[in-house]
Amino acid sequence: MSHLGNTHSSLNVTSLRDLARKELTKVLDSVRGKKCLVLDPNISGPLSLIAEFSLLKEHGVEKMHYLQSGPLETELKSLIYICRPQLHYMKYIAEHIGHHQKDNLSSSEYEYNLFFVPRRTMICERVLEEAGVFGEITIGEYHLDLIPFEDDLLSLELDNTFKELYLDGDYTSIYYAARALMKLQTKFGLFPRVIGKGDCAKHLADMLLRMRKEVAVDDPSSTLSVSQNIDSLIILDRSVDLITPLCTQLTYEGLIDEVFGIRTSHVEVDSTIVGPTSQKPVSATTTTPNTASTTTQPSPPARKKKIALNSSDKLFVQLRDMNFAVVGGVLNRIARRINEDYEERHQAKTVVQIREFINKLGGLQSEHQSLRTHTGIAEEIMAYTVTPEFNKALEVQQNLAAGIDINLQNDHIEEMINRQVPILQVLRLLCLLSLVNGGLKQKSFEFFKKEILQTYGFEHLQTLLNLERLNMFIKQGSASNKFNYVRKHLQLIVDEVDEQNPQDISYVYSGYAPLSVRLIQCVTKGGPTPIGYPVGANAAANSIAGGGARGIVGWKGHEDALKMLPGKTFDEVQRHDDGAIRSKKLIQGQQPRVTLIFFLGGCTYTEISAIRFMAQQDEGQREYVIATTQIINGNSLLNSVMQKIDHLGHSAGGNS
C-alpha cells in the first residue's frame, strides 16, 4: 500500500484509504476479545488494499474464513461477518448459526456480528428473519466505497453492475456511486460542473445533486464550498460505448487482464512463469504429474503465484500503458542495462567503490526479480498473441471498428462457430458486428442465432435474448448506420499509429481510439488532439482559451454526434449559495486542474491507459482521476449477462 501518494497528485486519494482503514478498525473494535473474521470472497481482495493482516491481528482477529456454504468450524466464539448485501450470503450465515445450534443445543455462547458493505438492506434482514436467526445477530454497516488502486484510479469494486443496471433495471449501484461521489464532495469540495452522457449517468447526476440539497436541509450549518482542486466531474454510461470493451485490449496491462485476469491489482500466474532462481524443483513438480503425485511434499498449492501490479513496481509503471508490440524491446534494453550494472563489480577496486556497489546491489536484485517476472508474463502473452486464431480475430475486430468489408467478417465468425471456439470469443465478435453495423440483416441474424444454439446448446437462448434486450445483438432497422457518422466525426480510426512514440490515444488499440475517451477529449479539449501536435501544446492553448470555463469546453460542437449515441446528454453547473470564488492559483494556471471521470458500468485497462496518455499530453496543466464501478474486459462484460446453467440443468441466471 506504500505505492499510494508517490506521484505528487493534486488530489490526496490516500486519505480515502486512511478513512476506510479507520472505519475498519472501529468495526473490529466493536467486538471485544479474540475474534474470527468471515469475509465475502469478493471483498477480501479490495480489503487487502485497505489493510494488511498485521493490522487485523492488532485488533483481535485470530482467524479468517471465506463466507461460503457448509458448517463454519472455529473454536473462537466471537464472529464478525463482512459481506455485500446478497441473499445467498444470508443463507450461508443462517446455515452457520443453525450448525452451531445443533452442536451446542444453544448458540448463546457465540456472538454473531454482521456488517454489510456498503449498507444494509431490508430484503437481507427479511431472509435472516425467515431463517429464525435475525435475533442472534448484531447488524451494522461498513461504508467501504471508492477504493484507491493508484493515485489516479479508484474503484467501487461492485461486481455485475452492467447486468444490474442495463438488464435487470436495478439501480442500487447508482445509489452506492452517488454516496461515494458525495463523500468526495464532502472531502474535496463541490464539483463545479457535472457533465455526462447516458440515461443511467443522468440518473446518477440527478441523485448526486439531490443528495447535496438533502445535506443542506439536514444540516444547515454544513456548507460545501466549490472545490479548489477538481474542475469537473464527467460521468460516462457504459451503454454509450459498448464497442471499446468488446475489442481486445492491446496495452501490456490490458493483455495481462485478457490472458490471466487481474483482480484488485493482483494477477495469479503459474509459478513456473515467474519462478524463483532455482528452477529445477518447480519444473519437476509441474511437468511430470506422476512424479509429483508420489512426492510427500504438497507441491500443487505452490503452482500459482500472486503478483501485485501497481506503482510500487517501477518496471511495471514503465510498461503498463505501452502497446504490447513495443514491450519486448523495452525489456531487452532493461536487461542489457541491468547486466552492465552488475558488471560494474569488476571495476570496483577500492573499498569506497566496493561499498558503493554493495549499496546498489539491493536495488539491482529487486529490479532483476521484477524483470524476470515481467519477462515471464510477456512470454506467456506472446505465446497467446502469435497464434493464427488471435491474429485473425484481431483483424476482424479492427476491420469491424474501421467499417472495412463488414459483410466479409461474417464468414470468419461462421468459421469460428464451426470450429467450436469458446462461445465468449464468438459473442464478442458477433456483438461488435451488430454494434458497428446498426444490427445484423434479418437473414444473418437468424442464421447466427440458429448456429449458436445448435453448436453450443439451447441453454444459450436466454443469453441471446439478454443481448437483444441490451441492443448488443439485434436485427438491422431501416434507419442509416449511426456509428458511421460518430466514427468519422470523432476520428475514431487513425490509419498511421506510431506505437513506439504515440501521438494519439488510438495507440492503445493499434488504430482505434476508444469512443469513451474521445468523448472525454470533447469535454476537456473540444475534440481530439491533432496528430503531430507537440505534447502539451493543446493543453497550453486550451488553458488560455478555456479561461472562465476553467478549461472545460463541454459538449459544444459535438451535438450531432451525441444524438447518434444512446442516452441523455447533460451539463450541470454547481454553485455555492454565496457564489464561492475559485482558487486564484487554479484560474491562473499555477495549480493543475483535476478532472474526475466516473465510468458507470465499468471501464477497461486500455481506457485507463488512454486517459493517462491524455494527462501526459497536457504536461501538468490537467490531471485526471478515474473512478469506476469496477474494471472490466469483453469477457467479464459478456459473462455477466450470460445465462448460467448449473449441473442439474436448472437455470442459475444471476447472483441473488
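What counts, and where the lines are drawn
- Residues numbered from 1 in each chain as written.
- Predicted model: local features only at pLDDT ≥ 70, side-chain atom pairs only at ≥ 80, totals over all residues.
- Heavy atoms only, no water.
- UniProt positions renumbered as here; feature names shortened; annotations may be inferred.
- Helix = DSSP H or I, 4+ residues; strand = E, 2+ residues; numbered from the N terminus.
- Buried < 20%, exposed > 50% of the residue type's maximum accessible area, 1.4 Å probe, protein only.
- Areas by Shrake-Rupley, 256 points an atom, 1.4 Å probe, with all protein chains shown as cover.
- Phe/Tyr/Trp six-rings, centres within 6.5 Å; stacked < 30°, edge-to-face > 60°.
- Pairing = 2+ DSSP bridges.
- Axes fitted to C-alpha atoms, helices over the stretch in contact; angles between N-to-C directions.
- Parallel < 35°, antiparallel > 145°, perpendicular 65-115°, else oblique.
- Left-handed = near helix turned anticlockwise from the far one by under 90°.
- Contact = heavy atoms within 4.5 Å.
- Salt bridge = Lys/Arg side-chain N within 4 Å of Asp/Glu carboxyl O.
- Expected span 1.5 Å × (residues − 1).
- Nonpolar A, V, L, I, M, F, W, Y, C, P; charged D, E, K, R; others polar.
- Core = buried A, V, L, I, M, F, W, Y, C linked by side-chain atoms within 4.5 Å.
- pLDDT = per-residue confidence, 0-100.

- Per an unreviewed UniProt entry, the chain goes by the name Vacuolar protein sorting 33A and belongs to Glomus cerebriforme.
- Turning to the chain, the UniProt annotation filed under Sequence similarities (unreviewed entry) states: "Belongs to the STXBP/unc-18/SEC1 family."

**Section: the overall build of the chain**
Then step 1. For the chain, the helix and strand inventory stands at 27 helices and 15 strands.
Then step 2. Within the span of the chain, comprising 656 residues, buried residues form 53% of the whole.
Then step 3. About 29800 Å² of surface is accessible on the chain, with carbon and sulfur atoms providing 51% of the total.

**Considering the packing of aromatic side chains**
Then step 1. Tallied over the entire structure, the rule returns 11 aromatic pairs.
Then step 2. Taking 5.9 Å as the distance between ring centres and 20° as the angle between the ring planes, the aromatic pair formed by Tyr110 and Tyr112 counts as stacked. Of the two residues, Tyr110 and Tyr112, both sit in the buried class.
Then step 3. With centroids separated by 5.0 Å and ring planes inclined at 55°, the aromatic side chains of Phe162 and Tyr166 adopt a geometry described as tilted. Of this pair, Phe162 and Tyr166 both sit in helix H6 (residues 161-166), four residues apart, roughly one helical turn. Of the two residues, Phe162 and Tyr166, neither departs from the other in class, the shared state being buried.
Then step 4. A connected cluster of aromatic rings, assembled from ring pairs, spans Tyr252, Phe316 and Phe324.

**With respect to the sheet that holds strand E12 (residues 304-308)**
Then step 1. Read from one edge of the open sheet, three strands run E10-E11-E12, paired in antiparallel fashion. Looking along the sheet, the strands with just one partner apiece sit at the ends: strand E10 (262-263) and E12.
Then step 2. Pairing geometry for strand E11 (residues 266-270) and E12, over five bridges, is antiparallel. Bridging across to E12, Val269 finds its partner in Lys305.

**Some points on the packing of helix H1 (residues 14-29) against helix H7 (residues 172-188)**
Then step 1. It is at 12 Å that the axes of H1 and H7 come closest, and there the two elements cross at 110°. Accordingly, the angle class assigned to the pair H1 and H7 is roughly perpendicular. Crossing handedness for the pair H1 and H7: right-handed. Touching Ser15, Leu16 and Leu19 of H1 are Leu184, Lys187 and Phe188, all from H7.

**Remarks on the pattern of salt bridges**
Then step 1. Within the structure shown, the criterion is met by 26 salt bridges.
Then step 2. With a shortest N-O distance of 3.8 Å, Arg263 and Asp159 are connected by a salt bridge. Remark: Asp159 occurs in the loop between strand E7 (153-155) and H6 and Arg263 occurs in strand E10; sequence separation between them is 104 residues.
Then step 3. Assessed through its relative accessible area of 46%, Arg263 is described here as partly exposed.
Then step 4. We note a salt bridge from Arg622 to Asp231, for which the minimum N-O separation is 2.6 Å. Taken as a pair, Arg622 in strand E15 (residues 622-628) and Asp231 in strand E9 (residues 230-237) lie far apart in primary sequence, 391 residues in all.
Then step 5. Given the relative accessible area of 5%, Arg622 is considered buried.
Then step 6. One continuous salt-bridge network, built from bridges that share partners, spans Glu150, Glu253 and Arg320.

**A short note on H1**
An α-helix turns once every 3.6 residues. As a result, residues three or four positions apart point the same way.
Then step 1. For H1, with 16 residues, the first-to-last C-alpha span of 23 Å sits near the 22 Å given by 1.5 Å per residue.
Then step 2. For H1, the complete set of buried residues consists of Thr14, Ser15, Leu16, Arg17, Ala20, Arg21, Leu24, Thr25, Val27 and Leu28.

**Focus: the packing of helix H16 (residues 388-402) against helix H18 (residues 423-436)**
Then step 1. Orientation of H16 relative to H18, taken along the N-to-C sense of each, is 15°, at an axis distance of 9 Å. By the angle between their directions, the pair H16 and H18 is classed as roughly parallel. Between H16 and H18 the crossing geometry is left-handed. Listed contacts from H18 to Ala393, Val396, Gln397, Leu400 and Ala401 of H16 are Leu429, Leu432, Leu433 and Val436.
Then step 2. The residue inventory of the contact of H16 with H18, partitioned by class, reads eight nonpolar, one polar and no charged.

**Some words on the sheet that holds strand E2 (residues 61-66)**
Then step 1. Read from one edge to the other, the open sheet built from five strands follows the order E2-E1-E3-E4-E5, with strand pairing classed as parallel. Two strands bound the open sheet, and with one partner strand each, they are E2 and strand E5 (137-141). Direction aside, the axes of adjacent strands within the sheet are offset by 20° on average.
Then step 2. Alignment of strand E4 (residues 111-116) against E5, held across five bridges, turns out to be parallel. Counterpart to Leu114 in the pairing with E5 is Ile139.
Then step 3. Running at roughly 110° to strand E1 (residues 35-39), helix H2 (residues 41-50) makes contact with E1, E2 and strand E3 (78-83) of the sheet.

**Points about the nonpolar core**
Then step 1. In terms of nonpolar packing, the biggest core is built from 164 residues, with Ile82, Tyr142, Tyr252, Met472 and Phe598 touching the most fellow members.
Then step 2. The leading source of residues in this core is H18, at 11 residues.
Then step 3. If sequence neighbours within four positions are ignored, Met472 has contacts with Phe162, Leu242, Leu246, Cys431, Ser434, Leu435, Leu467, Leu637 and Leu638.
Then step 4. Counting residues in hydrophobic clusters, the runner-up holds 23 residues, among them Leu79, Tyr81, Ile97 and Val127.

**Topic: the confidence of the model for the chain**
Then step 1. Across the chain, the average pLDDT comes to 86, with 83% of residues at or above 70.
Then step 2. Averaged pLDDT values over the elements of the chain bottom out at 35 in helix H11 (residues 280-287) and peak at 98 in helix H9 (residues 243-246).
Then step 3. Segment residues 277-300: pLDDT under 50, and 13 contacts once partners within four positions in sequence are set aside and those in other chains are kept.
Then step 4. Of the regions scoring below 50 in pLDDT, residues 647-656 engages in 16 contacts with residues more than four places distant in sequence or in other chains.

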